[in-house]
Every structure is written in structure tokens, then in C-alpha cells.
Amino acid sequence: MRSENKIWFSKGLRDGIPISLGYLAVSFTLGIAAKNAGFTPFQAMLTSLTNNASAGEFAGFTLVAANAGYLETAVMILIANARYLLMSCALSQKLSPDTPLKHRLLISYDIADEIFGLSVSVPGMLNPFYTYGIIAIAAPGWAAGTYLGTLMGNLLPVNIVRALSVGLYGMFLAVIIPPARKNRILAIIILISMGASFAFTRLPFLSALSSGTRTILLTVLIAGCAAVLFPQNEEEPL
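Just so we're clear, the structure is a prediction, and the values are computed from it rather than from any experiment.

Participant: Hey, could you go over the packing of helix α6 (residues 83-92) against helix α8 (residues 113-120) for me, with residue numbers and the actual values?
Facilitator: The contact between α6 and α8 brings their axes to 11 Å, and the two run at 15 degrees. Overall, the two elements α6 and α8 adopt an arrangement that is roughly parallel. Regarding α6 and α8, the two cross each other, and that crossing is left-handed. Facing α6, whose interface residues are Arg83, Tyr84, Met87, Ala90 and Leu91, α8 presents Asp113, Phe116, Ser119 and Val120. Taken together, the residues that form the contact of α6 with α8 break down as 6 nonpolar, 1 polar and 2 charged.

In C-alpha cells:
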């Protein structure tokens, strides 16, 4: 049994190398956002080790920079990371019913999109050590990239740091453009979200709300309406 676990762990390490390299590049720009929010390199690295999620971390750093309250920050990160609840439920079906609770809890530490994709695609039942191998190399890559981004943000001139911050927006464009090109409804929803976000900063009452509260309202309202008006069929890929 131990030899089998070792084989699956080694396979996870090998398959996780591309993810780690991608994490290193993407989280570097996230470190710039952490620097702008006043985080030290160590604090930013620790944040990435405990919250391996680009959208959730970016939302958290943005709210910290805006001096948001604890409750506001917690609610926003919960909403931004809500999809991981669904991924956890789906991945639990890949585990053998005899899998101990400790393994289920350890896997739940880092069910990021890419790690979930590799784990759920394993033929048959999932050996937890395969996911452990992926996490063992992917999580340090994410944390190291954040650390280096924050460190470089402290060393580089302010104007260059602000220029590098644009990379975060490029990262999110790379996330939303490919699926938007394939799904007309999704493209319309994205455009509505951008227009509504702009309107919320200009309307008399709504503009008085903090940026974090406006983001929470827009996320819940637009995502909720889209789910009701355009439900996803079970046979359609997510």
C-alpha cells in the first residue's frame, strides 16, 4: 500500500510541474497587489499558502487596500471562493467510501481549479496521494511567486510597480475572454457586469457605498439573476 501511495505521489509531483510554473508567473502580479495593499513579502506569502485562489486573494488585497472591515472582507472572499464548495462535493465522489476523514480534510486544503481538474480526471477512484503530490509542488510555486512579486514591488520604483499592476487585469482578461468567445450569454453578462460596476460608482446612493460592498452586491445580484434566467443543463460542461 505504501509503495502504491509513493507511486501516486510521484505521479502527482510530475503532473503538477506545469501548474507550479504557471502559478509562479500569475502569482507574481498578485504579489504586486499585495505590496500595494501594504503587505510585507512574508505576509503575502503566508496569505498565498493559506488561500490558494487568485480571485479570492485579489479581492482580499483590494479590500484591505480600501480599508474595508473584517466582515466585509470575509463575506467577499467567501463569495469569490464559493465555487470551491461545489468542486469539493464533486471531488469527494472520486474518493473511495473507505477514505479516512483526515485525507478528505487534507485534500480540501487546496482544491484550486487546476488541481481539481487533474484530480477529477484520474480514471477510476482517486488516490489522495496523487493530489498531495500536485499540491506539494503547486502550492509552493504559488506562494513563491507572491513573495517575489511583493519583494520586487518593494525594490522597484513606484511608477514601475503601478505599471506591473496592469498585469493583474491582463490575467483576468485571459480568464474571461476565451469562454466569452464561446458563449454569447456569458459575454453579455460580462458586459452587463462592467456597465453595472461603472454605474454603481456614479449613482448618488450607491456611489456612497464602499467599493467592497458594491462588489458584493453586484456579484450576488448578477450571478443570481444569470443562474435563474440561464440555468446550466447537467449534461453541459462547466
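Structure's up, so let's keep going.
Participant: I'd love a proper account of the nonpolar core, names of residues and values included.
Facilitator: One finds Tyr23, Phe61 and Ile115 to be the most contacted residues of the largest nonpolar core, which totals 28 residues. Sorting the residues of this core by element identifies α2 (17-36), α6, α8 and α9 (128-155) as the ones contributing at least two each. Excluding anything up to four places from it in sequence, Tyr23 contacts Asn52, Ala112, Glu114, Ile115, Ala138, Gly141 and Trp142.

Participant: I'd like to hear about the side chain of Asn51, residue by residue, with values.
Facilitator: Note that Asn51 resides in the loop between α3 (41-50) and α4 (54-65). You can call Asn51 buried: its relative accessible area is 17%. Dropping the residues within four chain positions of it, Asn51 is found in contact with Gly56, Glu57, Ile77, Asn81 and Trp142.

Participant: Please provide a residue-by-residue account of the pattern of salt bridges, values included.
Facilitator: Per the counting criterion, the structure on display carries 2 salt bridges. Residue Lys11 is joined to Asp15 by a salt bridge in which the shortest nitrogen-to-oxygen separation is 3.6 Å. With a gap of 4 residues between them, Lys11 and Asp15 both fall in helix α1 (residues 2-15), about one helical turn apart. The class for Lys11 is partly exposed, based on a relative accessible area of 30%. Across the salt bridge formed by Arg14 and Asp15, the nearest N and O atoms sit 3.3 Å from each other. Within this structure, Lys11, Arg14 and Asp15 form a network of salt bridges that share partners.

Participant: With reference to specific residues and values, describe unusual backbone geometry.
Facilitator: For Asn67, which is not glycine, the phi torsion reads 60 degrees and is therefore positive. Mapped onto the fold, Asn67 is located in the loop between α4 and α5 (70-80). In this structure Asn67 comes out as exposed when scored by relative accessible area, which is 70%.

Participant: Tell me about the environment of Leu186, residues and numbers included.
Facilitator: Along the chain, the position of Leu186 falls in helix α11 (residues 184-200). In contact with Leu186, not counting residues within four places along its chain, are Pro179 and Ala180.

Participant: For a nonpolar patch on the surface, give the residues involved together with the corresponding values.
Facilitator: Taken together, Ile185, Val228, Leu229 and Phe230 make up a surface patch of nonpolar side chains, about 410 Å² in accessible area. Mapped onto the secondary structure, Val228 falls in helix α12 (residues 211-229).

Participant: Any chance you could break down the confidence of the model for the protein chain for me, citing the residues and the numbers?
Facilitator: Averaged over all residues, the pLDDT of the protein chain equals 82, while 87% of them reach at least 70. In the model of the protein chain, helix α10 (residues 158-182) stands out as the element of lowest mean pLDDT, 66, in contrast to α3, which has the highest, 92. Segment residues 234-238: pLDDT under 50, and 2 contacts once partners within four positions in sequence are set aside and those in other chains are kept.

Participant: Can you lay out the side chain of Lys94 for me, pointing to particular residues and giving the numbers?
Facilitator: Structurally, Lys94 can be placed in the loop between α6 and α7 (101-108). One buried charged residue, Lys94, remains without a salt bridge, the closest side chain of opposite sign being Asp15 at 13 Å. The residues touching Lys94, leaving out its near neighbours within four places in the chain, are Ser119, Val120, Val122, Pro123, Gly124, Met125 and Leu126.

Participant: Tell me about the packing of aromatic side chains, and name the residues and values.
Facilitator: What the rule picks out here adds up to 4 aromatic pairs. Ring centres of Phe39 and Phe61 lie 4.9 Å apart, and the angle between their planes is 70 degrees; on these two criteria the pair is classed as edge-to-face. Here Phe39 is found in the loop between α2 and α3, whereas its partner Phe61 is found in helix α4, with 22 residues between them in sequence.

Participant: Could you give an account of α2, naming the residues involved and the relevant values?
Facilitator: A rise of 1.5 Å per residue sets the reference length of α2, with its 20 residues, at 28 Å; its end C-alpha atoms lie 29 Å apart and thus fit the reference within 8%. At Ser27, α2 shows its largest kink, close to 30 degrees. Buried residues of α2: Ile19, Ser20, Tyr23, Ser27, Thr29, Leu30, Gly31, Ile32, Ala33 and Ala34, and no others.

Cut-off values and rules
- Residues numbered from 1 in each chain as written.
- Predicted model: local features only at pLDDT ≥ 70, side-chain atom pairs only at ≥ 80, totals over all residues.
- Heavy atoms only, no water.
- Axes fitted to C-alpha atoms, helices over the stretch in contact; angles between N-to-C directions.
- Helix = DSSP H or I, 4+ residues; strand = E, 2+ residues; numbered from the N terminus.
- Parallel < 35°, antiparallel > 145°, perpendicular 65-115°, else oblique.
- Left-handed = near helix turned anticlockwise from the far one by under 90°.
- Contact = heavy atoms within 4.5 Å.
- Nonpolar A, V, L, I, M, F, W, Y, C, P; charged D, E, K, R; others polar.
- Core = buried A, V, L, I, M, F, W, Y, C linked by side-chain atoms within 4.5 Å.
- Buried < 20%, exposed > 50% of the residue type's maximum accessible area, 1.4 Å probe, protein only.
- Salt bridge = Lys/Arg side-chain N within 4 Å of Asp/Glu carboxyl O.
- Patch = residues over 30% accessible without salt bridge, like charges linked within 9 Å, V, L, I, M, F, W, Y side chains within 5 Å.
- Areas by Shrake-Rupley, 256 points an atom, 1.4 Å probe, with all protein chains shown as cover.
- pLDDT = per-residue confidence, 0-100.
- Lys, Arg positive; Asp, Glu negative; His and termini not counted.
- Phe/Tyr/Trp six-rings, centres within 6.5 Å; stacked < 30°, edge-to-face > 60°.
- Expected span 1.5 Å × (residues − 1).
- Bend = angle between axes of the 7 residues up to and from the residue.

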